[in-house]
Amino acid sequence: MESTENKEIRKWMAHVIRLAEKGKGWVHPNPLVGAMLVKNGNIIGEGFHAFFGGPHAEVNAVNNSTETAQGSTLVVTFEPCIHQGKTSPCAPFIVENGIAEVIVGLKDPNPVVNGKGIDYLKSHGVKVKTGVLEDEIRHQNEVFLKFITSHLPFCILKTAMTLDGKTATITGESKWISGERSRKLVHELRHQVSAVMVGINTILKDDPMLNVRRDEKKNKDPLKIIVDTYGKIPLNANVLIHEPQLTIVATTSAAAKDKLKELERSGAQVIVCPDKNKVVDLAFLMETLGKMEVDSIMIEGGSTLSFSALKEGIVDKFIGFIAPKIIGGANAPTAVGGEGIGTLSEAMIVDRMKIKKLDDDFYFEGYLNSKY
Ligand code: AOF
Ligand code: ZN
């Protein structure tokens, strides 16, 4: 039987996990962190990490507190930091404010913290309890956990398909396969990631904007990465007309140099990658984007890029929408194309699959890299 105290602690932690969600889309490459102060069983202050470079959750909780923090319990999803980053370290701040006890959800895997924050608190007489709802916090911070330990972006492959696995009709019509609620979620996800990525064929066929269209007051558009081995992107493509400063064209030396200069003049950034099997070397591109602090990418097609990404092993999470429609057509595109594989023993296995209903569609998600 779980003790009443543990039950209460889990309830508090679940509450600060929800608070942390509010930072989604604004904090990367930092983690989502929520915190609150409890005194005599009452919540006296709450806070979350709201934007990159801004105060950490613990500091916000103390500053929002209606009473002095002296003698209170701090409940925080992540281990308090000990390093001087964009902000001053939280662990000494906690000690200075006389907080008596800290309940930490997850130890911060950031090598500059990684247990040192907890040690600091303990050695300064603060009671510390660790490891509460760790799985939930890990899931919430899957992007941060990958990025901080590998410096590579967490990569989501997203698709929307019919019941028969098609992403467009034989004439190329794809607007819209999925329902309104599913499409709303896509815009939410675009807001949450640092970048969206598509192959050149998607630009040539659909000319997407790749921006965020949500009902929220404040939105943040992601970087738009176009994988374009030969530099074929038209200069009047929507992604070059609207917010070209957010557009990155990833290409190779097979592209005409003059075209690349024109792309740069339009405001886009060009990354010339080595080629692998005559297309952009995606592993190199991921490393380069990681160095640019891009912590998360959502690949939105097309089917050739999706297969290459899977084959190169850069995909962490596969998500998609299945609409209750059947359109057929042997040549109608499917979510994953490319050259495919010859035997079932080579199949890429998706684990931790989850599925849920979104109006008439199904939403599914699963992982290809079970480490994060
Ligand atoms: C916390 N609480 O709310 C966050 C933490 O550059 P800085 O100062 O913002 O530090 C970023 C690092 O601090 C980040 O990589 C992670 O290890 C930790 N983030 N820590 O105690 C917070 N956002
Ligand atoms: Zn901190």
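Read on for a plain summary of the structure. (Residues numbered from 1 in each chain as written. Chains lettered and ligands numbered in written order. Predicted model: local features only at pLDDT ≥ 70, side-chain atom pairs only at ≥ 80, totals over all residues. Heavy atoms only, no water.)

Observations concerning the site of ligand 1
Right, so step 1: Near ligand 1 you find 17 residues, and of these H56, E58, K86, D108 and N110 are the closest.
Right, so step 2: Here A57 contributes a backbone N or O atom positioned 2.8 Å from an oxygen atom of ligand 1.
Right, so step 3: Between D108 and ligand 1, the recorded distance is 2.5 Å, taken from a side-chain N or O atom to an oxygen atom.
Right, so step 4: Surface burial for ligand 1 is 95%, taken as the share of its 500 Å² of free accessible area covered by protein chains.
Right, so step 5: Split into classes, the residues belonging to the shell around ligand 1 amount to six nonpolar, seven polar and four charged. (Near = heavy atom within 4 Å. Polar contact = N/O pair within 3.5 Å; in protein donor to acceptor, adjacent residues only side chain to side chain. Areas by Shrake-Rupley, 256 points an atom, 1.4 Å probe, with all protein chains shown as cover. Nonpolar A, V, L, I, M, F, W, Y, C, P; charged D, E, K, R; others polar.)

What to know about unusual backbone geometry
Right, so step 1: In this model, K175 is joined to W176 through a cis peptide bond whose omega is -5°.
Right, so step 2: Assignment of secondary structure puts W176 in the loop between β6 (154-162) and α7 (180-192).
Right, so step 3: Cis geometry is adopted by the peptide bond preceding G302, which originates at G301 and carries an omega value of 0°.
Right, so step 4: Examined against the element boundaries, G302 turns out to sit in the loop between β13 (296-299) and α12 (303-311).
Right, so step 5: One non-glycine residue, H151, lies in the positive phi region at around 60°.
Right, so step 6: Note on placement: H151 falls in the loop between α6 (142-150) and β6.
Right, so step 7: Residue N277 is not a glycine yet carries a positive backbone phi of 50°.
Right, so step 8: Structurally, N277 can be placed in the loop between β11 (275-276) and β12 (279-280).
Right, so step 9: The exposed category is assigned to N277, whose relative accessible area is 60%. (Helix = DSSP H or I, 4+ residues; strand = E, 2+ residues; numbered from the N terminus. Buried < 20%, exposed > 50% of the residue type's maximum accessible area, 1.4 Å probe, protein only.)

Purely geometric stuff here, so don't read any function into it on its own.
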